[in-house]
Amino acid sequence: MSNQQALKQKLYYMSQRDGLSELFTGIFFFFYSSIIMTLLDFSSDAKKIAIFTFVFAFSGPVIQFIRKHFTYSHSGYVKGKAEITKPFLFLIVFPIAFFPAVIGVFLHIFHLIDLIGSLMLFSPLIFGILFFFYYWYQYRAGAGFFYRIFSFVSFILGIFLFIFNHLLQNEGFYVFFVINGAVLFLFGLFKLIVFMKRVKSNENE
Amino acid sequence: MSILYNTEEVDFLFLLNETQLSKGNIATHTKKLEEEGYLTVKKEFVGKKTHSTYAITEKGKKALEAYTAAMKQMLDEMTP
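Residues numbered from 1 in each chain as written. Chains lettered and ligands numbered in written order. Predicted model: local features only at pLDDT ≥ 70, side-chain atom pairs only at ≥ 80, totals over all residues.

Let's hear about the overall build of chain B: which residues, and what values?
A count of helical and extended segments in chain B gives four helices and three strands. What you see in chain B, going N to C, is helices and strands ordered as α-β-α-α-β-β-α. The C-alpha radius of gyration computed for chain B amounts to 15 Å, which surpasses the reference 12 Å derived for 80 residues by more than 25%, pointing to a less compact arrangement than a globule. Considering only residue pairs separated by 6 or more positions, chain B has 39% of its internal contacts joining residues 24 or more positions apart. (Helix = DSSP H or I, 4+ residues; strand = E, 2+ residues; numbered from the N terminus. Rg over C-alpha atoms; globule rule 2.2 N^0.38 Å. Contact = placed C-beta atoms within 7 Å.)

Can you lay out the overall build of chain A for me, pointing to particular residues and giving the numbers?
In terms of regular secondary structure, chain A is built from nine helices and one strand. Along chain A, helices and strands appear, N-terminal first, in the series α-α-α-α-β-α-α-α-α-α. Against the compact-globule benchmark of 17 Å for 205 residues, chain A has a radius of gyration of 19 Å, which places it among compact chains. On the principal axes, the C-alpha backbone points of chain A span a range of 65 × 40 × 30 Å. For chain A, the residues scored as buried account for 35% of the 205 residues in total. Long-range pairs, those at least 24 residues apart, make up 75% of the contacts in chain A with a sequence separation of at least 6. (Buried ≥ 20, exposed ≤ 12 C-beta atoms within 10 Å, placed from the backbone.)

Explain the confidence of the model for chain A to me, and be specific about the residues and the numbers.
Considering every residue of chain A, the mean pLDDT works out to 84; 96% of them sit at 70 or more. When mean pLDDT is taken per element in chain A, helix 8 (residues 146-163) of chain A scores highest with 93 and helix 3 (residues 46-57) of chain A scores lowest with 73. (pLDDT = per-residue confidence, 0-100.)

An account of the interface of chain B and chain A is requested, with residue identities and associated values reported.
Listed per partner, the contact involves 14 residues of chain B and 13 residues of chain A. Every element with two or more residues in the side of chain B that touches chain A is listed here: helix 1 (2-5), strand 1 (7-11) and helix 2 (12-19) of chain B. For the side of chain B that touches chain A, the leading source of residues is strand 1 of chain B, giving five residues. As paired strands, strand 1 (residues 78-80) of chain A and strand 1 of chain B are joined by three bridges and run antiparallel to one another. By the bridge assignment for strand 1 of chain B, Lys79(A) is matched with Glu9(B). (Pairing = 2+ DSSP bridges.)

Explain the pairing of strand 3 (residues 49-56) of chain B to me, and be specific about the residues and the numbers.
Residues and elements named next belong to chain B. By the bridge criterion, two bridges tie strand 1 to strand 3 in an arrangement that is antiparallel. Within strand 3, the position partnered with Val-10 by the bridge is Tyr-54. The pairing of strand 2 (residues 39-46) with strand 3 spans eight bridges and is classified as antiparallel. Its bridge partner lying in strand 3, Thr-40 is registered against Ala-55.

Report on the sheet that holds strand 1 of chain A, specifying residues and quantitative values.
Ordered in space as 1(A)-1(B)-3(B)-2(B), the four strands form an open sheet in which the pairing is antiparallel. Looking along the sheet, the strands with just one partner apiece sit at the ends: strand 1 of chain A together with strand 2 of chain B. Pairs of neighbouring strands in the sheet enclose a mean axial angle of 20°, with direction left out of account. Sitting on the sheet, helix 1 (residues 3-15) of chain A is in contact with strand 1 of chain A together with strand 1 of chain B, with an inclination near 120° to strand 1 of chain A. Where helix 3 (residues 23-35) of chain B meets the sheet, its contacts fall on strand 2 and strand 3 of chain B, and the angle it forms with strand 2 of chain B comes to roughly 125°. (Axes fitted to C-alpha atoms, helices over the stretch in contact; angles between N-to-C directions.)

How would you sum up the environment of Leu192(A)? Please name residues and give values.
Residues and elements named next belong to chain A. Along the chain, Leu-192 falls in helix 9 (residues 172-204). Taking the C-alpha atoms as reference points, Leu-192 and Phe-110, 82 residues apart in sequence, are found 45 Å from one another. Not counting chain neighbours up to four residues away, the residues in contact with Leu-192 comprise Asp-18, Gly-19, Leu-20 and Leu-23.

Just give me the short version of the packing of helix 6 (residues 99-109) of chain A against helix 7 (residues 113-141) of chain A, but keep the residues and values in it.
All names here are of chain A. As a packed pair, helix 6 and helix 7 sit with axes 8 Å apart at the nearest point and diverge in direction by 155°. By the criterion of interaxial angle, the relationship of helix 6 to helix 7 is roughly antiparallel. In this structure, helix 6 contributes Ile-103, Phe-106 and Leu-107 to the contact, and helix 7 contributes Ile-113, Leu-115 and Ile-116. In the contact of helix 6 with helix 7, the residues fall into six nonpolar, no polar and no charged. (Parallel < 35°, antiparallel > 145°, perpendicular 65-115°, else oblique. Nonpolar A, V, L, I, M, F, W, Y, C, P; charged D, E, K, R; others polar.)

Would you mind going over helix 2 of chain B in detail, with residue names and values included?
Inspection of helix 2 of chain B places Phe12(B), Phe14(B) and Leu15(B) among the buried residues, and these make up the whole buried set. Each buried residue of helix 2 of chain B sits inside an arc of 160° when the element is viewed along its axis, so together they form one side. On its buried face, helix 2 of chain B sits against strand 1 of chain A together with helix 1, strand 1, helix 3 and strand 3 of chain B. Positive backbone phi, at 65°, marks Gln20(B), one or two positions downstream of helix 2 of chain B. (Arc of directions from axis to C-beta.)

Describe in detail the confidence of the model for chain B, supporting the description with residues and values.
Residues and elements named next belong to chain B. When the pLDDT values of chain B are averaged, the result is 88; 100% of them are 70 or greater. Ranking the elements of chain B by mean pLDDT puts strand 2 last with 86 and helix 3 first with 91. For this predicted complex, the interface confidence comes out at an ipTM of 0.80, alongside a pTM of 0.82.

And the structure:
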């Protein structure tokens, strides 16, 4: 690994120390899975959840504001650079992002209920693979060793939920997102507490 | 410049901690680099304090790449 690459990874890691990205991503996953659920249940709450999901999907400026004014204000602010490559964007981000849209179109416009059933059956496996690469990309960008663990665990979780999907009435994808969301949220919270403690102890010194 | 090259933006305090240089030294360096168009400085208020954020420009990126390439070539030529 070149020095530039190592420096880039270190700086990206430093920009993610406060755990805010994980906190917001964790919350986003909760709302995101709820969108798919409401689409399937024809619930009237879909609009409200869609707005919340949209807000959290574009929470980047909010996170940067909090970092500048609160979390990084005493330790030095850095915004890391994680270049989003085209394969990552088209093969990982877009399939995850447009999954509810695909369900919505197939279900409400074309009324392809059988196709939706098959999609739901395989969805934990699909998400398991997509999340493996999503976390792996984060790990390679320098987000930390935990992301390497997340990538393998989410892949295994995907397989596990796919096998037992019939017991979950084909709602394995929901469990998948809830577990991922909860883990990321708790991990973010842990990172935030540790980071703020370290900042305070440095200030006291 | 290497830090700026590998980030989107950093503030003064971060540069201070990472480079271990003095405040005056960083201020002088960044001012000269800004005058040459190698970086941009964004000043805003965080509470009652001024907060300076630095980001590298395209001109700065090219200059750093040219510099590192020249250094690499020089080192290669020196190696027997």
